[in-house]
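# Breakdown of the fold
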Amino acid sequence: MPQFLLRCLLVAFPWVACAASGPVDWFRSDVEAFARAREQHRPVLLYLEAVWCHWCHVMDHETYADPLVAEEIRTHYVALRIDQDARPDLANRYRDYGWPATVVFAADGSEIVKRQGYLPKDRFLRLLHAIDADPTPESDGRSGHADAAPAGESSVLDSSTRAELERRYATTYDRALGGLAIAQKFLDRDSVELAMARAATGSASDATQARQTLDAAQALIDPVWGGVYQYSTMGDWKHPHYEKLATIQAEYLRIYALAWSAFHRDSDRAVVTAIRRYLNTFMAAPSGAWRVSQDADAQPGVHAADYFALDDTARRTRGVPRVDAHQYAQQTGQIAEALATWAEMAGDASAAQQALRSVTWALRERALPGGGFRHDAHDGAGPYLADNLAMARAFLALYRATADRTWLRHAVNVTDFIEKHFRRGDGYASAGDGGPIAAVAQIDENLSLARHANLLARYTGNLAHRAIADHALHWLAKPSIALSRLTEAGLLLADQEARTDPLHLAVVGAKSDSVAQMLFSTSQQQQGWYKRVEWWDRDEGELPNPDVAYPKLKAPAAYVCTDRRCSLPLRTANELQEFLRPQDPHDASNGGP
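Analysis parameters
- Along each chain, residues carry numbers from 1 onward, in the same order as the chain's sequence is written.
- At least 70 in pLDDT is required for a residue's local features to be given in this predicted model, at least 80 for side-chain atom pairs to be given and counted, and no such filter applies to totals for whole chains, interfaces and linings, which use all residues.
- Side-chain metrics in this entry use all non-hydrogen atoms of the structure; hydrogen atoms and water are not considered.
- Secondary structure follows DSSP: runs of H or I at least 4 residues long count as helices, runs of E at least 2 residues long count as strands, and numbering of each begins at the N terminus.
- The globule rule used here is 2.2 Å times the number of residues to the 0.38 power, and the radius of gyration it is set against is calculated over C-alpha atoms.
- Contacts between residues were defined by any pair of non-hydrogen atoms, one from each residue, lying within 4.5 Å.
- Computed with the Shrake-Rupley method and a 1.4 Å probe, the accessible areas treat only the protein chains shown as cover for residues.
- Asp and Glu count as negative and Lys and Arg as positive, but His and the ends of the chain are not part of the count.
- Charge positions come from single atoms, namely NZ of Lys, CZ of Arg, CG of Asp or CD of Glu.
- We treat two strands as partners when DSSP finds at least two bridges between them.
- Pairing of aromatic rings covers Phe, Tyr and Trp, the last counted by its six-membered ring, and requires centre-to-centre distances within 6.5 Å; plane angles under 30 degrees mean stacked, over 60 mean edge-to-face, and any other angle means tilted.
- Any residue under 20% of the maximum accessible area for its type is buried, any over 50% is exposed, and the rest in between are partly exposed; the area is computed with a 1.4 Å probe on protein chains only.
- Count a disulfide wherever a pair of cysteine sulfur atoms falls within 2.5 Å.
- The span expected for a helix works out to 1.5 Å for each residue beyond the first.
- Lines are fitted to the C-alpha atoms to define the axes, a helix being fitted only along its stretch in contact, and any angle between axes, read from their N-to-C directions, falls within 0 to 180 degrees.
- Criterion for a salt bridge: a side-chain nitrogen of Lys or Arg within 4 Å of a carboxyl oxygen of Asp or Glu.
- Put simply, angles under 35 degrees are roughly parallel, angles over 145 are roughly antiparallel, angles from 65 to 115 are roughly perpendicular, and the rest are oblique.
- For any helix crossing, the convention is left-handed if the near helix is rotated counterclockwise from the far helix by under a right angle, and right-handed if that rotation is clockwise.
- All residues other than Ala, Val, Leu, Ile, Met, Phe, Trp, Tyr, Cys, Pro, Asp, Glu, Lys and Arg, Gly among them, are scored as polar; the first ten of these are nonpolar and the last four charged.

What follows concerns the overall build of the protein. What the protein contains, in helices and strands, is 22 helices and 12 strands. Relative to the globule expectation of 25 Å for 593 residues, the C-alpha radius of gyration of the protein, 26 Å, shows essentially globular dimensions. Along the longest, intermediate and shortest principal axes, the C-alpha atoms of the protein span 95 × 50 × 45 Å. Expressed as a percentage of contacts within the protein between residues at least 6 apart in sequence, the contacts between residues at least 24 apart total 70%. Carbon together with sulfur atoms contributes 54% to the accessible area of the protein, which is approximately 24200 Å² in total. Taking the average place of the 63 positive charges on the side chains of the protein and the average place of its 75 negative ones, the gap between the two points comes to 2 Å.

Here it is, written out as C-alpha cells:
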C-alpha cells in the first residue's frame, strides 16, 4: 500500500471536489464536457469520485498523475470529474460501482465502458487504449474476468521461496483426516486461518480444507468439562494427550471465532462455548487474570485415558488434575485477545467484559514503565516479547470490539515498547538485553508481530508501525528462515496482508445512537480478521488515522472501502451487507482491460 495521506481541502466551495495535482485538465460541468466532446468527436471519460474516498486519493496519486495516462487522456478523451455528493442523480445511478467509478461515454451520452473502484495505472492505460481502438459498447465482448485485487507493494518473498511455501501448504495437508499430515494431530492455527482467508475470496478447495480441519479438531474437545487437549498422537485424532494449556485454549477460541464469522455453523459456535465454559470453570482467577495450564494426569505419572472417560461427578470424586495458578501477562493477553475477537465477531458483550477485566488486571499488576509488561509479579530476567506481544494484540482486539480509543492508545504504547526493547539486526528477539543467555528471534513471535504491527499501522497511519512489520518480515523471508520448518502458512498470510489494504468499515454517528450501534455491530461481524473497523463519533475528535474525510450528515451512516472502491453512505444493515456481497466475477463492471 502506498503510504501517504491525501485530503481534500474544501474551503470556499465544499460541494465541489478538490482538483487532483497532476497533468489532467478536468471539466467540472457535464454540459460543457459533452459539448466539447461533440465538437471534437471524442468520448467523455467520467471520473465519479467522493472527496472522502481513500481509493479516489490513491487513483489521483498513482493513476491520473502518471504521465502516460495523462497524455492518453489529453489526446483522445474529454475528461470530466464530478463529486458524487454534488450529483445525487449520478450517485444513485452508479452507486453499485462504489467510489471511484469510471464511466466512458460516447459523445451522444451512451455508455461505452463502466468500471468500479481503483484502477492501477497499467490496467487503466490498457483500457484507454482499447476504447480508443474500438469505441463501441462493452457488449461486443471486450469485457472479461476481474483482475486480481491490486497487490500493493511487492512481496518480501522471492519467487522460489514463495513457490516452495505454497507447495508445502498444499502437500502437508492431510486430505483424509484434516490437519497437517504428521504424527501429532492438532489445529495448526496459521494453516486454518490462511485457508479461511482464501475461502473468503472464493476458493472452494480452501473452504473445504478449513471446514474439514475445524470439524476433525473437535475430537480434542473434552466432552465433559470443555476445553482443548493439547494434541493427539498415532497420526489420528483419537489418541489425545490430556493436558490443557491456556495458550492453546486461546488459539482455538480465536480460530473458531473466525470460523463462526466465515461459515456461521452452529458446530463452530459450540466449540467457542465449550472452551469458554472450561476457562471460566478451571482457569479464571478472581483477579480477572487467567491461570496457565492443567495437568493431563489426575495422579502424577498415571495415564489418564480412563479418568477422562468419566463423567463430571466421577472425575471430581477421584480428584481434579492440578491447575497451575500462576498468572502471567502472556496467557492473560492471549485469552483476552481471543475473547475480544469473539465479542467482535458474534456481538457477545459478556466476552468483551471478560477481556476488559483481563487487560485491566494486566495494567494494574504487570505494567512496566514505558508502556510494556512484565511476565510475572517479579521477573528473574525479561522483559519478554511474548508478554508484550500478547498484550499489544489484546488491546487492538479490544479496540475493534468496543471502539474505545483507550485500547488503541495502549496498543500503540506496547508496540512502541516492543520496538525499543526487542528489535535486533535480524527480526525481534524473544527477550530484552541483560541475561546471560543471548536472546534470539523466534519465528512464531515474529510472524505474530508482523501481522499485528501491519494492521496497527492501518489504524494509526504511523509509518513506524509499518516499519516494525517490515523488519520482522524481512528476517522471516530469508530462505534459511522461511523454509526451516515443515510448513509456514503464517508467512504467506503475513506477506499477503503487508501488501494489501484491509477491508475498511467506518461508522459515522453518535455512540448513543441506536442506528449507529446497529451499523457498527454489522460492520464488526463481517468475515475475517484482516479488516479495519472504526466508529467515528465526532464528539471524540478526529480518528487516529484520518485518511478519509467523511461528509457531515444528519443521520448515522456506514462507509466501506474495499480493495479498490468506497461506498456511498449506507444507512441500514441490509444496505451494508448488500454492498459487501461478493461480486459476480463475470460481471463486466469488474473485468476487462
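The rest of the description comes next.
Right, let's get into the side chain of glutamine 84. One can find glutamine 84 in the loop between β2 (78–83) and α4 (88–93). With residues near it in sequence (within four places) discarded, glutamine 84 still touches Leu48, Glu49, Ala50, Trp52, Ala91, Trp99 and Leu568.

Turning next to the sheet that holds strand β8 (residues 293–294). On the basis of which strands lie adjacent, the open sheet formed by 3 strands has the order β7-β8-β9 and antiparallel pairing. If you trace the sheet from one side to the other, it starts and ends with β7 (244–245) and β9 (323–324), each paired once.

Overall, the coordinates contain 23 aromatic pairs when judged by the stated rule. Look at tyrosine 47 and tyrosine 64: their rings are 4.7 Å apart centre to centre, the planes differ by 45°, and that puts the pair in the tilted class. Here tyrosine 47, found in strand β1 (residues 44–49), pairs with tyrosine 64, found in helix α2 (residues 54–64); they are 17 residues apart in sequence, far enough to count as distant. Judged by its relative accessible area of 0%, tyrosine 47 falls in the buried class. Note on tyrosine 229 and phenylalanine 308: the rings are 5.7 Å apart at their centroids and 80° apart in plane angle, and the pair reads as edge-to-face. In this pair, tyrosine 229 is assigned in the loop between α8 (204–217) and β5 (231–232) and phenylalanine 308 in helix α11 (residues 305–308), connecting sequence segments 79 residues apart. Of the two residues, tyrosine 229 and phenylalanine 308, both sit in the buried class.

Think of a disulfide as a covalent bridge from one cysteine sulfur atom to another cysteine sulfur atom. Inspection of every chain in the model, using the stated rule, returns 1 disulfide. Between the sulfur atoms of cysteine 561 and its disulfide partner cysteine 566 the distance amounts to 1.9 Å. Torsion about the S-S bond of the cysteine 561 and cysteine 566 cystine: about 90°, corresponding to right-handed handedness. The two residues cysteine 561 and cysteine 566 agree in class, both being buried.

For the rest of this paragraph, the subject is the pairing of strand β4 (residues 111–116). Note that strand β3 (residues 101–105) and β4 share 5 bridges and pair antiparallel. Across the sheet, threonine 102 pairs through a bridge with arginine 115, a residue of β4. Between β3 and the antiparallel strand that follows it, β4, lie 5 residues; glycine 109 among them carries a positive phi value of about 95°.

Moving on, we come to helix α13 (residues 329–346). For the α-helix, the turn length of 3.6 residues means that residues three or four positions removed from each other point alike. Given a rise of 1.5 Å per residue, 18 residues ought to cover 26 Å, and the 25 Å separating the end C-alpha atoms of α13 matches this to within 8%. Within α13, 18 of the 18 residues are buried, which leaves the element mostly enclosed by the surrounding structure. Positive backbone phi, at 65°, marks glycine 347, one or two positions downstream of α13.

Ordered in space as β11-β10-β12, the 3 strands form an open sheet in which the pairing is mixed. Of all strands in the sheet, those bounded by a partner on one side alone are β11 (531–536) and β12 (557–561). The average undirected angle you get between the axes of adjacent strands in this sheet is 15°. The pairing of strand β10 (residues 503–508) with β12 spans 5 bridges and is antiparallel. Opposite alanine 506, over in β12, you have tyrosine 559 as the bridge partner.

This brings us to the pattern of salt bridges. Tallying each qualifying case throughout the model produces 40 salt bridges. Note that arginine 167 and glutamate 164 form a salt bridge whose closest N and O atoms lie 2.7 Å from each other. Taken together, the residues span about one helical turn, with arginine 167 and glutamate 164 both in helix α6 (residues 159–171) at a distance of 3 residues. Residue class for arginine 167 comes out partly exposed when judged on its relative accessible area of 44%. Between glutamate 540 and lysine 511 there is a salt bridge, with the nearest N and O atoms lying 3.1 Å from each other.

How two helices pack is summed up by the angle between their axes together with the distance between the axes. Where helix α7 (residues 189–200) contacts α8, the axes come no closer than 7 Å and their chain directions differ by 140°. The angle between the axes of α7 and α8 places the two elements in the oblique class. At the point where α7 passes α8, the crossing takes the left-handed sense. Counted together, Val192, Ala195, Met196, Arg198 and Ala199 of α7 and Asp206, Ala207, Gln209, Ala210, Thr213 and Leu214 of α8 form the full contact between these two elements. Of the residues belonging to the contact of α7 with α8, the class tally is 7 nonpolar, 2 polar and 2 charged.

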